[in-house]
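# Descriptive analysis of the structure
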Amino acid sequence: MTAALRFDPIRLPEKCEQLRKEVRAFLAEEIAGGTFDPHKPNREDTDVPEFSRKVGARGWLGMTWPKKYGGQERSFLERYVVTEEMRVANAPTRRFFVADRQSGPVLLKYAPEHIKMDILPRICRGEICFAIGMSEPNSGSDLFAAKTRATKTDGGYLINGTKIWTSSAHIADYMIAIFRTSPPTKENRRHGLTQFLVKMKQPGIKVNPIGQITGQYEFNEVVFTDHFIPDDHVLGEVDGAWKQATSELAYERSGPERFLETYYVLTELVRAVGPNPDTRSAEGIGRLVAQLHTMRRMSVSVAGMLQAGKEPVVEASIVKDIGTVWEQQLPHRVRDLAAFVEETATNRETLERQLDFAIKTAPKLTIQGGTTEVLRGIIARGLGLR
Amino acid sequence: MVESDNIVVETAEKIFADLADPQTINNDKKNSWQAPLWQALSEAGLPLSWVPDDLGGSGASLADGFALLNAAGRFAVAVPLAETMLAGWLLAQARIASPEGEMTVVPASPKDRITIDGDGALSGRARGVPFAKAAKHFAVLAHGKDGVSIALVDASKVRTEPGLNVGYDHSDTVTLDKVQPVTVKPAPKGVDQTTLMLMGGVARSLQIAGALESMLDISVRYSNERVAFEKKISKFQAVQHNLARLAGESAAALAAATSAADAIANAKSFGDEVYLEAASAKIRCAEAAEKGGGIAHQVHGAIGFTIEHILHRYSLRALAWRDDFGSESYWAVELGKLVAVRGADELWPLVASR
């Protein structure tokens, strides 16, 4: 057999269900208290520092990290439950999500001890927001074409250049970015990039908001002009950033956020259709639910395999590929079925408003964090085609 | 792929490799492979995997039996193994012993209904019954005024009109006209036609998932051999991306089917959660059979469209299996109704409960 893909039927352990109840109760309280409206995915107030601190206080940020850094040493399956419940409730996770999923684990692995002791507990308390500085005006999917320079100077580096499409840079306290410290070599075009921890809101960094087709301004252009970064903010090997993107990518690719981004339109459709759907609506809903359930079972399976110390890299890429394509198509399939919803449905306006936003959101879902084309290239490599 | 970490699957895979090699079978125009294969499977006790020892079977667990069906799908096995397993399972629910030889289940569609009268005679018509023509006995689920009964019926007492599904396997119409069964007993609480359809649907889902694994395997291999425009076609990005999508469909089918199998194997009863799992598996696997099989053919080009090539043994059978025990359209309507009745705010809790 060429490719033995594995999707073991992993079940979340019992302690996850207790945690799920706690998360649901917390979210219900926050909704009742007016912190956020679960029916409004297009809210303007996606940055809610108070909510972020409350989630931190519950011990739900950095929950898999060592206790000495503020973590809880809980399992990735427990984190999975927190993530999916937040996502389904449309909770305002923007402020902490990147730090919790991506930046914290990078720091844990590559930052010097004093930086870990300084920053990780603040992530766990929900106090700080992270951005990721990967793309540049002429380097998106082709990460290793990055040109923004980090020039060695006394005690550190001077940064010059521009990052782009940087989500949350306008509110972020830190960014983890890759900069060019050496030119690529003939043998290895990936050589010469180094990962850095950047403190935002400092001299030499200018953040310019970029409007999106949804009407929001959540990504940015970040311009560096002789911005100084001290030596101890280098993360990992100088010139060796390409070696550092390994299995944590699997966590990033296969989480519940990779298929639940537009889930709210399905809930609202079921509400609009009511308890006695016609055959077409029932069939349409049934298919979507079957696809959703399958996606989730795949995603949980990858989470379980990761927790067990395996490295299901291809499986994780598959989850992101079909998950993001699914969540992109979902608003359109729901729209197909919404055409038959009775005029009298009480949530008709909510559904229409949500669809309007979801349809505008959909195009980005197969682009952000690795395009479909890049993912399929990774899968193809895993199949032995490249 | 479900790892062969149990003796049932190991035994089966060895038999399939020896006696059900797809290329050998495909070259054999006289079907002379069928009898030795069935004999070997029977001697190993595999067709009666789900029948307890005291009822004449080999008493394997539900989980092992499901893994066996996944393996059978990987070889596109075209003898009534799944059907006999399901029949034995159904009979065992009513503590009816299984006879030797091929069996199948009646009905095999949620829309057909067999009735039982006061004298214990069975009547009704069932379409699309897999391997009815080859079966020596039928396990029949029948409705009467006292509820649901399970019966063992001698195939010679029943009129069978032969037919073929799109995979060239027998899919026949069975008519019972006041047929006296060999044995009949009331079905235990919780076992009804829906239960049988969900079990059958999960069996077919596992077979489809297995067939897709093999289609991925032979498509990848072919793309690494076939040269066009002076390079292996696996080096073309368009081909790579098609194969990546096939891997996705194969993965989705495998995940849905093995999850549903695990759900049934560990369930105390067939509640909404098992319904979600089993119906979803049939829906998603059927979709994958269409999308994934289509890609496998596209990668192979004309050679895969020839009757000499083995691809159709997997692709057509996977398409045919969609129709048994309720199509994806049927299950989608039923699952949609279930979700609608539970209400919008109960959808996520149901999904998250799995």
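Criteria and cut-off values
Residues numbered from 1 in each chain as written. Chains lettered and ligands numbered in written order. Predicted model: local features only at pLDDT ≥ 70, side-chain atom pairs only at ≥ 80, totals over all residues. Helix = DSSP H or I, 4+ residues; strand = E, 2+ residues; numbered from the N terminus. Rg over C-alpha atoms; globule rule 2.2 N^0.38 Å. Buried ≥ 20, exposed ≤ 12 C-beta atoms within 10 Å, placed from the backbone. Contact = placed C-beta atoms within 7 Å. Pairing = 2+ DSSP bridges. Expected span 1.5 Å × (residues − 1). Arc of directions from axis to C-beta. Axes fitted to C-alpha atoms, helices over the stretch in contact; angles between N-to-C directions. Parallel < 35°, antiparallel > 145°, perpendicular 65-115°, else oblique. Left-handed = near helix turned anticlockwise from the far one by under 90°. Nonpolar A, V, L, I, M, F, W, Y, C, P; charged D, E, K, R; others polar. pLDDT = per-residue confidence, 0-100.

### Description of the overall build of chain A
When helices and strands are counted, chain A shows eleven helices and eight strands. Over its C-alpha trace chain A gives a radius of gyration of 21 Å, about what one expects of a compact globule, namely 21 Å for 386 residues. Each principal axis of the C-alpha distribution contributes one length, and for chain A these read about 70 × 55 × 40 Å. Within chain A, the fraction of its 386 residues that count as buried is 50%. Looking at chain A alone, contacts between residues at least 24 apart form 75% of all its contacts between residues at least 6 apart.

### Let's talk about the overall build of chain B
What chain B contains, in helices and strands, is eleven helices and ten strands. Taken against the 2.2 N^0.38 rule, which gives 20 Å for 354 residues, the C-alpha radius of gyration of chain B at 20 Å falls within 12% of a compact globule. Dimensions along the principal axes, computed over C-alpha positions, put chain B at roughly 75 × 55 × 35 Å. Sorting the 354 residues of chain B into buried and exposed places 57% on the buried side.

### Brief notes about the pairing of strand β4 (residues 174–180) of chain A
Strand residues, when the strand is regular, have side chains that alternate between the two faces of the sheet. Residue and element names in this part refer to chain A. With seven of its seven residues buried, β4 lies for the most part within the structure. Going residue by residue along β4, you find Y174, I176, I178 and R180 tucked away on one face and M175, A177 and F179 tucked away on the opposite face as well. Of the pairings in the sheet, the one linking strand β1 (residues 130–133) to β4 comprises four bridges and is parallel in character. Bridge pairing links F130 to Y174 in β4. Sheet topology places β4 next to strand β5 (residues 193–199); seven bridges connect them, and they run antiparallel. Looking at β5, one finds that F179 is bridged to T194.

### Looking at helix α1 (residues 7–19) of chain B
Residue and element names in this part refer to chain B. Over its 13 residues, α1 extends 18 Å from the first C-alpha to the last, a length consistent with the 18 Å expected when each residue adds 1.5 Å. All of the buried residues in α1 are V8, V9, A12, I15, F16 and L19. With its buried residues spanning 130° around the axis, α1 presents them on a single face. Away from the buried face of α1 by more than 90 degrees, exposed residues I7, E10, A17 and D18 are located.

### Considering the packing of helix α4 (residues 62–74) of chain B against helix α6 (residues 193–223) of chain B
All names here are of chain B. Where α4 meets α6, the axes come as close as 6 Å, and the angle between the chain directions of the two elements is 40°. Taken as axis vectors, α4 and α6 run oblique relative to one another. In this structure, the crossing between α4 and α6 has a hand that is right-handed. Counting all contacts with α4, which are made through F66, L69, N70, A71, A72, G73 and R74, the residues of α6 involved are A203, L206, Q207, I208, A209, G210, A211, E213 and S214. Taken together, the residues of the contact of α4 with α6 break down into nine nonpolar, five polar and two charged.

### Some words on the interface of chain A and chain B
The partner chain B presents 44 residues to the 47 residues of chain A that form the contact. Looking at the side of chain A that touches chain B, the elements with two or more residues in it are α3 (76–88), α7 (264–273), α8 (279–307), α9 (313–338) and α11 (372–382) of chain A. Across the side of chain A that touches chain B, the residue classes break down as 23 nonpolar, 13 polar and eleven charged.

### A word on unusual backbone geometry
Comment: phi is negative for the bulk of residues other than glycine, and the bulk of peptide bonds are trans. The peptide bond linking B:V106 to B:P107 adopts the cis configuration, its omega dihedral lying at -5°. Mapped onto the fold, B:P107 is located in the loop between β1 (103–106) and β2 (114–116).

### Let's talk about the environment of B:S58
Residue and element names in this part refer to chain B. Along the chain, S58 turns up in the loop between α3 (34–43) and α4. You can call S58 partly exposed: it has 18 C-beta atoms within 10 Å. Separated by eleven residues in the primary sequence, S58 and P47 have C-alpha atoms spaced 8.8 Å apart. Apart from residues no more than four positions distant in its own chain, S58 is found in contact with G45, L48 and S49.

### Some remarks on α11(A)
Every buried residue of α11(A) is accounted for by A:L375, A:R376, A:G377, A:I378, A:I379, A:A380 and A:G382. Just beyond α11(A), the residue with positive phi is A:G384, at close to 85°.

### So, the confidence of the model for chain B
For chain B, the average pLDDT comes to 96, and 99% of its residues sit at 70 or higher. Taken together, the chains of this predicted complex give a pTM of 0.97 and an interface ipTM of 0.97.

### Some details on the packing of α7(A) against helix α10 (residues 348–361) of chain A
Residues and elements named next belong to chain A. The interhelical angle for the contact between α7 and α10, taken along N-to-C directions, is 155°, at an axis separation of 10 Å. The orientation of α7 with respect to α10, classified from their angle, is roughly antiparallel. Between α7 and α10 the crossing geometry is left-handed. Of the residues in α10, those in contact with Y264, V265, E268, L269 and A272 of α7 are R348, T350, L351, Q354, L355 and A358. Grouping the constituent residues of the contact of α7 with α10 by class yields seven nonpolar, two polar and two charged.

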